[in-house]
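Understanding the architecture of this molecule
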Amino acid sequence: MKKQNKQNLPRLHLHIPEPQFRPGDTADFSNLEIEDVGVTGRPEETIAPIDMQHMATGLIRVLDMEGKASGPWDPKLSTDIKLKMLRHIMKVRSFDDRMFRAQRQGKTSFYMKCTGEEATSIAPAMALAADDMVFPSYRQQGILLVRGYPMLDMMNQIYSNREDSLKGRQLPIMYSSSDHSFFTISGNLTTQYPQAVGWAMASAAKQDSRIAATWCGEGSTAEGDFHSAMTFATVYNAPVIFNIVNNQWAISSFSGIAGGERATFAARGLGYGIASIRVDGNDPLAVYAATEWAAHRARTNNGPTLIEHFTYRAEGHSTSDDPSSYRAAEEYAKWPLGDPLERLKAHLIGEATWDEDRHVALKKALDDEVKTTQKLAEKNGILGHGMHQEFETMFEDVFEEMPWHLQEQMDMSLAEKISKFSTKNKEKMERGS
Amino acid sequence: MSDMPDSPVKTMNMIEAINSALDIMLERDDDVVILGEDVGYFGGVFRATAHLQEKYGKRRVFDTPISENGILGAAVGMGAYGLRPVPEIQFADYIYPGLDQIVSEAARLRYRSAGDFIAPMTIRTPFGGGIFGGQTHSQSPESLFTHMSGVKTIIPATPYDAKGLLISAIEDNDPIIFFEPKRIYNGPFTGYYDRPVEPWSKHSAAQVPEGYYKIPLGKADVVQEGEGLTIITYGTMVHVASAVVEEQGIDADVIDLRTLLPLDIETIEESVKKTGRCLIVHEATRTSGFGAELAALVAERCFYHLEAPIERVTGFDTPYPHSLEWAYFPGPVRLTTAIEKIMKD
Ligand SMILES: Cc1ncc(C[n+]2csc(CCOP(=O)(O)OP(=O)(O)O)c2C)c(N)n1
């Protein structure tokens with residue numbers, strides 16, 4: 001045992017990370033180092049992870065802050081595709097606003113927006129093949145819109161109404177659609193990560209051509225499941241893309257509480273030998289290009305990629321929190337990487353393929369579409385006290401076949417239904433209000 | 001009620017009572033630390049730790065990474081050093097990633113080291129449904145914890161009890177799981193979801209002493225007394241059962257267990273031997289729920305005093321549904337049906 005004179009040492013000190021700004025502070029991101037467009041190069045998709053470690057601290061960018069595209073990562077998309085991308089971003093933003101308001105009006109229990117982060121789900125969904133399997137967290141509603149999932153069905157789910165394809169079982173926004181290669185969303189963070197790896201391993205084992213992609217927030221990278229996923233992915237060289245949406249905040253905890261003070265989130269992949277890149281998450285073209293790169297890599301047996309999307313959560317975590325109680329009010333306004341919608345719009349206007357008038361008209365058309373769809377959804381019922389489904393549905397799908405004890409409990413609940421609800425209530429329920 | 005303090009009394013809801021207990025223990029014992037997701041500056045998603053970081057500093061009250069496994073493992077380590085950690089798990093539904101640190105570690109340190117190491121930690125976690133939280137913000141996993149050897153399980157049903165029990169828990173040298181029925185954080189819920197919510201201020205158990213006091217672990221509270229029936233329950237369901245008994249004029253003992261483990265078997269035995277009828281009520285799923293243990297104990301100890309089969313009123317054996325929450329919840333209708341059956345002859 002080493003003999004030590006500890007008398008002269010300073011006392012140990014427990015470090016608790018603290019964000020730069022709290023309510024009342026003036027946010028100032030001028031000390032944030034952000035690379036210029038073009039600095040982070042684009043290697044071949046076949047590159048070994050060991051030869052691209054610097055990319056975990058770089059930043060893939062295509063659009064500058066005026067909306068001009070340049071550099072090796074420019075995906076050179078057609079105007080048509082870029083306009084579709086803009087449209088998707090605008091649509092999900094309009095959808096989010098509307099559904100958030102619906103919750104505030106008491107029409108449902110809960111909602112979560114993806115405002116400011118739309119590019120991190122829409123651009124990847126556009127760069128992936130439609131049948132690549134996605135394992136999202138709760139903030140990737142954009143994927144569903146890109147894949148053509150009906151907005152009406154999303155709203156029915158949010159209202160848990162009688163047309164909800166998930167039979168009112170899940171909290172709003174916890175969608176599921178195997179038809180759209182969209183895995184059922186869990187409320188438990190990061191469970192989807194190792195599942196995506198397993199799906200990708202299965203696809204490889206079956207000599208399929210489909211790959212998997214998964215998403216989580218930077219806060220969620222602390223969960224053990226994240227690290228299990230990394231290990232399995234590297235061991236089996238699984239065809240999977242890991243997206244970390246670093247939107248700076250996990251409810252009230254800033255990224256430093258997840259380890260962001262010491263390293264980038266992309267750097268988590270390095271120790272596992274996983275190709276790890278960082279992308280400007282508010283630059284839809286860069287996100288598209290990064291996903292395209294990773295998808296090609298996975299599809300050609302070059303293994304998994306970890307992508308950190310550097311972005312900002314513009315709104316509260318959900319309808320349950322007030323962000324002004326834990327972060328400086330104007331952080332988003334000062335966020336140096338701007339807003340993905342505005343940046344793509346500026347790009348298209350700069351190319352002269354878009355203009356203000358058309359933009360205003362499109363916004364109006366999308367808002368109208370959302371509003372009209374909302375009215376249709378509300379005809380199927382809003383949450384209210386719930387109970388828009390037959391009580392039997394509560395007991396179905398626990399197992400493929402219902403065992404005797406659930407059968408008994410189902411009978412009990414049906415008997416309760418008769419005594420519990422007056423005729424008046426029953427009628428109201430049937431009308432779905 | 002024991003250790004009745006002489007400090008001034010204040011009306012508190014359950015969150016305020018829990019906050020007060022934490023405040024007092026942070027003040028009294030420098031070894032007490034609070035850690036968990038969003039518990040620091042923000043004061044917790046339910047505000048249970050509001051202002052505590054401001055008052056005691058970040059060394060004592062701090063945010064953690066989102067890793068329940070990390071939170072609970074770190075709490076075991078802190079306990080080994082000699083601290084008295086009070087980790088918060090944001091929702092009981094999120095405790096599963098950290099289960100191994102409780103089952104295989106905290107619960108067994110004392111035993112496997114022959115008392116060389118202990119885990120004097122109190123895990124606080126909101127549980128139960130009734131808030132439209134869907135399947136991952138509504139569960140009642142208490143029987144997982146009573147089933148493993150070595151963890152004490154506490155569930156308060158009032159602000160007064162919450163504070164006194166939490167102080168006892170923090171001072172206790174064994175690992176404790178402290179489930180907070182979140183539906184009754186702001187008011188006692190009678191199970192009628194379509195009636196206006198009553199605030200705690202109207203309830204006598206919301207008169208909470210501002211100072212230090214303890215409620216002993218392992219002691220149930222008989223909240224209503226009667227001769228014809230024993231209702232054994234805990235958490236939110238104490239209020240649902242009491243309301244039914246009151247509204248329908250049923251002559252029943254209503255026992256609020258307060259501590260599930262160690263269990264106050266004496267109070268249960270005494271009551272069932274007196275009434276001859278036993279109804280067990282919990283919100284958790286039925287199969288292998290804590291009610292099964294209670295029913296077995298009552299059958300073993302009171303069989304010859306029973307005048308009717310033991311009945312259980314519980315949640316159904318399904319995940320907690322969102323829209324059908326009130327069809328799932330063991331409310332007044334399910335209780336009334338069971339009471340009618342048990343009182344029939
Ligand atoms: C296992 C688990 N622990 C805790 C929670 C509660 N919770 C829900 S979202 C969240 C924050 C997640 O933050 P982040 O991963 O950064 O994603 P973001 O919300 O920013 O998209 C927390 C703590 C949960 N849902 N599951």
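Values in this document were obtained by computation on a predicted structure and should not be read as measured data.

About the thresholds
Residues numbered from 1 in each chain as written. Chains lettered and ligands numbered in written order. Predicted model: local features only at pLDDT ≥ 70, side-chain atom pairs only at ≥ 80, totals over all residues. Heavy atoms only, no water. Domains from an automatic or database assignment. Near = heavy atom within 4 Å. Polar contact = N/O pair within 3.5 Å; in protein donor to acceptor, adjacent residues only side chain to side chain. Areas by Shrake-Rupley, 256 points an atom, 1.4 Å probe, with all protein chains shown as cover. Nonpolar A, V, L, I, M, F, W, Y, C, P; charged D, E, K, R; others polar. Phe/Tyr/Trp six-rings, centres within 6.5 Å; stacked < 30°, edge-to-face > 60°. Helix = DSSP H or I, 4+ residues; strand = E, 2+ residues; numbered from the N terminus. Buried < 20%, exposed > 50% of the residue type's maximum accessible area, 1.4 Å probe, protein only. Pairing = 2+ DSSP bridges.

**Observations regarding the domain arrangement of chain A**
Taken as a whole, chain A is organised into domain 1 (49-378) and domain 2 (392-432). Between the C-alpha centres of domain 1 of chain A and domain 2 of chain A there is a distance of 38 Å.

**What to know about the site of the ligand**
Within the structure, the ligand sits among 20 residues, and A:Y138, A:R139, A:G187, A:S220 and B:E68 are positioned closest to it. Each of chains A and B places residues near the ligand. Taking A:L189, its main chain carries an N or O atom lying 3.2 Å from a nitrogen atom of the ligand. With the chains in place, 96% of the 580 Å² that the ligand exposes on its own is no longer accessible. Grouping the constituent residues of the shell around the ligand by class yields 7 nonpolar, 8 polar and 5 charged.

**Things to note about the packing of aromatic side chains**
All told, the structure shown has 29 aromatic pairs over all chains when counted by the stated rule. Note on A:Y193 and A:F242: the rings are 5.2 Å apart at their centroids and 20° apart in plane angle, and the pair reads as stacked. Here A:Y193 is found in helix α5 (residues 192-205), whereas its partner A:F242 is found in strand β3 (residues 240-246), with 49 residues between them in sequence. For the pair A:Y193 and A:F242, a shared accessibility class is recorded, and that class is buried. With 5.4 Å between their ring centres and 70° between their planes, B:F46 and B:F91 make a pair best called edge-to-face. Here the residue B:F46 occupies a position in the loop between β2 (32-36) and α2 (52-56), and B:F91 occupies one in the loop between β4 (84-88) and α4 (99-106), the gap between them amounting to 45 residues. Judged by relative accessible area, which is 23%, B:F46 ranks as partly exposed. Overall, the relative accessible area of 10% leaves B:F91 in the buried class.

**Considerations on the pairing of β2(B)**
Residues and elements named next belong to chain B. Taking burial as the measure, the 5 residues of β2 include 5 buried ones, the bulk of the element. Burial along β2 is two-sided: the face carrying V32, I34 and G36 and the face carrying V33 and L35 are both buried. Relative to β4, β2 runs parallel, the two sharing 5 bridges. Counterpart to G36 in the pairing with β4 is E88. Here 3 bridges tie β2 to strand β3 (residues 61-63), and the two strands are oriented parallel to one another.

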